[in-house]
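Below are the chains, spelled out letter by letter.
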Amino acid sequence: MEGVLVKMSEISKVTNTYDESNIQVLEGLEAVRKRPGMYIGSTTSRGLHHLVYEVVDNAIDEALAGFCTQIDVVINKDNSITVTDNGRGIPVGIHPKMGISTLDVVFTILHAGGKFGDANSGYKVSGGLHGVGASVVNALSEWTQVHVSTGEKVYERRYERGAPMGEIDVQDKKLPTGTRVSFKPDDEIFEELEYDYDILLQRLREQAFLNAGLVIILTDLREEDDEGNPKSERLHYEGGICSFVEYINRNKEPLHGDVVYVKGEKETCMAEIAMQYNQGYTETIVSFANNIHTGEGGTHETGFKAALTRVINDYARKIKMLKDSDKNLSGEDVREGLTVVISVKVLEAQFEGQTKTKLGNSEVRTLVDGIIAEKLEAFLEENPATGKIIIDKAMTAARARDAAKRARELTRRKSALESTTLPGKLADCSEKNAELTEIYIVEGDSAGGSAKQGRDRKFQAILPLWGKMLNVEKSRVDKVYNNDKLLPVITALGAGIGDEFNTKKLRYGKIIIMADADVDGAHIRTLLLTFFYRFMLPLVEEGHVFIAQPPLYKVSKGKKEKYAYTDRELQKVLEEMGEGSTIQRYKGLGEMNPGQLWETTMNPETRTMLRVELEDAIVADETFTVLMGDKVEPRRDFIERNAKYVANLDV
Ligand code: TSJ
């Protein structure tokens, strides 16, 4: 990074002893700009949003300290962000060690957070994925503007690409106390500069749940409704993680009215969980460590699961719902249809895993197990009616799982699941190395025929599907294992299903869903994606699933032909080709001949495909529950609200 970060006048105030550390400061922010990925993960859209979390987390710390009740987050018209809180205001006085204003320490020194004598010691609970602090945001912003009100005075400070500009402006103004920070992400750093309202909303909602009572307001000034009001949402949940569970379950049918909530502390660990069973079959576990979403799970989840299984079995035996001769209920049995939010606070959280979102502290497993077992046992003693409902559900699950196991063994004997006999309709490829191969799952026999003729048979396999496909969202596992529409998919992929699914055994690296660009095609796509999501999750998580994108139009003029994949592209092509061109609208894949299908949709050199990504399990769960589940009302609402996402599935 070019230029001076801390002004000479400020450096001169620093004693000799600290000269050196100040030089490190300069080098520090320069290092951030040189290797932003090291500090915020990436410079893609993900990193861009990370800047907001970083700043908001500082305001949340102030709320946790008990001094702030409201945080406002505004997306400005120019895609800069303004975060305001009503806390005490960042300290502005001279920092005892650094000899410069604490404000400048916060914004120009790496990892300054928490180092300036926070009175309420204990767990440092909030903090982003990397917890890098405001100085990183500052270093990666074209400009940062800070406004601190102490109640007596107002202090203002501007930075450009990390460097303080001029002096801190001080004015005698008696305004309510608080901090306001605005920043504009630097276009020299970020590949993507546009903020996504829904991504911010999602994360802020999560923080509002985790900090019961805190008010967070998100406003988007880029978008106005018909009356000229900006898009805005107020997030405020007095019920904390219980509200979170109700929110996740809002489109499902709960089995018991009240959310079960237990909380306890042991040694270095505080744990709280909220849970509620619903009539569905899937388990939804959402966990946090020090308010950081642990998407990859970890020791707190393992501890909770162990405690839940043990306590439910003990209780079921105690009240004699389980007889001495009965087998224990399994972990899966006691988690069928369970939605649970786990939040732990630990002293020095260690994050591991591919995305650093897996809690690694080994002591936490036994601590959480202990806390939850004790409290949950007490809850069941005091709420026997709820206890009975839960055990009923688990016992039904156990019986169904037994039936499924028998069905699976039967099917297996019939050489379906593990057989080497591939489905009759499959046109396999000659290449055997799965890293190089792909399978097209194609709707309809006629499109399947075109695909078989058009493909490159070396590495492309075709599996046609026909008839009505099973909606797995409404079926138990035993039905899924025996379903004659899904079996060919399972055997062709060759990697098993459910607990036994193993991506190492996959016969193809890319699984490509190819269906018509109409409502029926969208339906098939959603059914298949639901199936993959619920029964072959690693397939989706590891990015093996794709959606083919056939063109919507062919524009011809004389001998010239061009394809358009969207309506906007059609307009562009029409302008290029000029007067006298004819448009053919493709209603289905079947209307293309094999050569055209290859050229437009299957040739790796020229095709475009959508990779199905799982950014967030809660959103995905909601999407499939709502789209494929029983309730009609939420489905209509969801489609209206999320026309964009559905349209995305619909391409
Ligand atoms: F990220 C940030 F630094 F830019 C930032 C910090 C952004 C926003 C929107 C708010 C904050 C912030 C920091 N709000 N409130 C505070 N509080 C303190 O820094 C603070 C105030 C007083 C005392 C004290 O001990 O008197 C201690 C602290 C940490």
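These numbers come from a predicted model, not from an experiment.

**With respect to the overall build of the protein**
Move 1: Within the protein, the regular secondary structure consists of 22 helices and 23 strands.
Move 2: Buried positions account for 53% of the 651 residues belonging to the protein.
Move 3: Surface summary for the protein: the accessible area is close to 30,500 Å², and the carbon and sulfur share equals 49%.

**Focus on the nonpolar core**
Move 1: Of all hydrophobic cores here, the largest spans 60 residues; its most connected members are Val52, Val73, Ile81, Phe107 and Tyr195.
Move 2: Every residue in contact with Val52, bar those within four places of it in the chain, is listed here: Val73, Ile81, Phe183, Tyr195 and Leu200.
Move 3: Membership of the second largest hydrophobic core comes to 41 residues, among which are Leu426, Ile513, Leu529 and Phe531.

**What about the side chain of Arg607?**
Move 1: On the secondary structure map, Arg607 appears in the loop between α19 (594-602) and β23 (609-611).
Move 2: Its relative accessible area of 12% is what places Arg607 among the buried residues.
Move 3: Within polar-contact distance, the side chain of Arg607 engages the backbone oxygen of Met602 at 3.2 Å.
Move 4: Each residue touching Arg607, except ones within four places of it in the same chain, is listed here: Glu438, Tyr440, Gln460, Lys510, Ile512, Thr600, Thr601 and Met602.

**Let's talk about the side chain of Glu438**
Move 1: By secondary structure assignment, the location of Glu438 is in strand β16 (residues 438-443).
Move 2: We classify Glu438 as buried; its relative accessible area is 3%.

**Re the pairing of strand β7 (residues 215-224)**
Move 1: Relative to β7, strand β1 (residues 70-75) runs parallel, the two sharing six bridges. If you follow Val73 over to β7, its bridge partner there is Leu218.
Move 2: Connecting β7 to the next strand, strand β8 (residues 230-236), in antiparallel fashion are five residues, including Gly228 with a positive phi near 85°.

**With respect to the packing of aromatic side chains**
By convention here, two paired aromatic rings are described through the distance between centres and the angle between planes.
Move 1: Per the counting criterion, the structure on display carries seven aromatic pairs.
Move 2: Ring geometry for Phe209 against Phe244: centres 4.4 Å apart, planes inclined by 10°, an arrangement best described as stacked. Here Phe209 is found in helix α7 (residues 197-210), whereas its partner Phe244 is found in helix α8 (residues 241-248), with 35 residues between them in sequence. Across this residue pair, the class does not change: Phe209 and Phe244 are buried.
Move 3: With centroids separated by 5.5 Å and ring planes inclined at 50°, the aromatic side chains of Phe209 and Tyr247 adopt a geometry described as tilted. Of this pair, Phe209 sits in helix α7 while Tyr247 sits in helix α8, placing them 38 residues apart in sequence.
Move 4: On the accessibility criterion, Phe209 (1% relative accessible area) is buried.

**Overview of the site of the ligand**
Move 1: Near the ligand you find 15 residues, and of these Asn58, Glu62, Asp85, Arg88 and Phe107 are the closest.
Move 2: Within the side chain of Asp85, a nitrogen or oxygen atom sits 2.6 Å from a nitrogen atom of the ligand.
Move 3: Arg88 places a polar side-chain atom, nitrogen or oxygen, 3.4 Å from an oxygen atom of the ligand.
Move 4: Starting from 610 Å² of accessible surface for the ligand in isolation, the protein chains cover 85%.
Move 5: For the shell around the ligand, the secondary structure elements donating two or more residues are α4 (45-64), β2 (81-85), α5 (102-108) and β6 (178-185).
Move 6: Ranked by residues supplied to the shell around the ligand, first place goes to α4 with three residues.
Move 7: In the shell around the ligand, the residues fall into nine nonpolar, three polar and three charged.

**Description of the pattern of salt bridges**
Move 1: In this structure the tally under the stated criterion is 28 salt bridges.
Move 2: Notably, a salt bridge pairs Glu438 with Arg607, separated by 2.7 Å at the nearest N-O pair. Of the two residues, Glu438 sits in strand β16 while Arg607 sits in the loop between α19 and β23, which places them 169 residues apart along the sequence.
Move 3: When salt bridges with common partners are traced through the structure, they connect Arg33, Arg161, Asp186 and Glu188 into a single cluster.

**Quick word on the confidence of the model for the protein**
Should the pLDDT be low somewhere, the predicted coordinates at that spot are not to be read in detail.
Move 1: Taken residue by residue, the protein gives an average pLDDT of 86. The fraction at 70 or more is 86%.
Move 2: Low pLDDT, under 50, characterises residues 1-21; the predicted model gives this stretch 35 contacts beyond four residues in sequence or across chains.
Move 3: Confidence drops under a pLDDT of 50 for residues 643-651, and excluding neighbours within four residues, the segment shows 15 contacts in the predicted structure.

**Description of a negative patch on the surface**
Move 1: Taken together, the side chains of Glu224, Asp225, Asp226 and Glu227 present a region of like negative charge at the surface.
Move 2: Locating Glu224 in the fold gives a position in strand β7.
Move 3: The exposure class of Glu224 is exposed, given its relative accessible area of 52%.

**A closer look at the packing of α4 against α7**
Move 1: Relative orientation of the contacting elements α4 and α7 amounts to 25°, with a least axis distance of 11 Å. With respect to their mutual orientation, α4 and α7 come out roughly parallel. You can see that α4 and α7 cross each other, and the crossing is right-handed. Contacts between α4 and α7 involve His49, Val52, Tyr53, Val56, Asp57 and Ile60 from the former and Ile199, Leu200, Arg203, Leu204 and Gln207 from the latter.
Move 2: Tallied by class, the residues present in the contact of α4 with α7 amount to seven nonpolar, two polar and two charged.

**Considering α19**
Move 1: Among all positions in α19, only Gln596, Leu597, Thr600, Thr601 and Met602 are buried. Across the axial projection of α19, the buried residues extend over an arc of 150°, all falling on one side.
Move 2: The residue sitting at the N-terminus of α19 and contributing the capping side-chain oxygen is Asn593; that oxygen lies 3.1 Å from the backbone nitrogen of Gly595.

**Describing the packing of α7 against α8**
Move 1: Direction vectors running N to C along α7 and α8 enclose 135°, while the axes themselves pass 7 Å from each other. On the basis of their axis angle, the class for α7 and α8 is oblique. Contact residues: α7 offers Arg205, Glu206, Phe209 and Leu210, while α8 offers Ile241, Ser243, Phe244 and Tyr247.
Move 2: Residue composition of the contact of α7 with α8, by class: five nonpolar, one polar and two charged.

**Some details on α7**
Move 1: Spanning 14 residues, α7 covers 20 Å between terminal C-alpha atoms, matching the ideal 20 Å at 1.5 Å per step.
Move 2: Where burial is concerned, most of α7 is hidden: 11 out of the 14 residues are buried.
Move 3: Within α7 the residues assigned to the buried category are Tyr197, Leu200, Leu201, Arg203, Leu204, Arg205, Glu206, Gln207, Ala208, Phe209 and Leu210.
Move 4: Its side-chain oxygen at 2.8 Å from the backbone nitrogen of Asp198, Asp196 defines the N-terminal cap of α7.

**Considering the sheet that holds strand β21 (residues 560-564)**
Move 1: Strand order in this open sheet of three strands is β21-β20-β22, and the pairing throughout is antiparallel. Each edge of the sheet is formed by a strand with only one pairing partner; in this case those strands are β21 and β22 (582-585). Direction aside, neighbouring strands of the sheet carry axes that sit 20° apart on average.
Move 2: Strands β20 (553-557), β21 and β22 of the sheet are contacted by helix α18 (residues 567-577), whose axis makes an angle of about 160° with β21.

Each value, and the rule that gives it
Residues numbered from 1 in each chain as written. Predicted model: local features only at pLDDT ≥ 70, side-chain atom pairs only at ≥ 80, totals over all residues. Heavy atoms only, no water. Helix = DSSP H or I, 4+ residues; strand = E, 2+ residues; numbered from the N terminus. Buried < 20%, exposed > 50% of the residue type's maximum accessible area, 1.4 Å probe, protein only. Areas by Shrake-Rupley, 256 points an atom, 1.4 Å probe, with all protein chains shown as cover. Core = buried A, V, L, I, M, F, W, Y, C linked by side-chain atoms within 4.5 Å. Contact = heavy atoms within 4.5 Å. Polar contact = N/O pair within 3.5 Å; in protein donor to acceptor, adjacent residues only side chain to side chain. Pairing = 2+ DSSP bridges. Phe/Tyr/Trp six-rings, centres within 6.5 Å; stacked < 30°, edge-to-face > 60°. Near = heavy atom within 4 Å. Nonpolar A, V, L, I, M, F, W, Y, C, P; charged D, E, K, R; others polar. Salt bridge = Lys/Arg side-chain N within 4 Å of Asp/Glu carboxyl O. pLDDT = per-residue confidence, 0-100. Patch = residues over 30% accessible without salt bridge, like charges linked within 9 Å, V, L, I, M, F, W, Y side chains within 5 Å. Lys, Arg positive; Asp, Glu negative; His and termini not counted. Charge placed at Lys NZ, Arg CZ, Asp CG, Glu CD. Axes fitted to C-alpha atoms, helices over the stretch in contact; angles between N-to-C directions. Parallel < 35°, antiparallel > 145°, perpendicular 65-115°, else oblique. Left-handed = near helix turned anticlockwise from the far one by under 90°. Arc of directions from axis to C-beta. Expected span 1.5 Å × (residues − 1).

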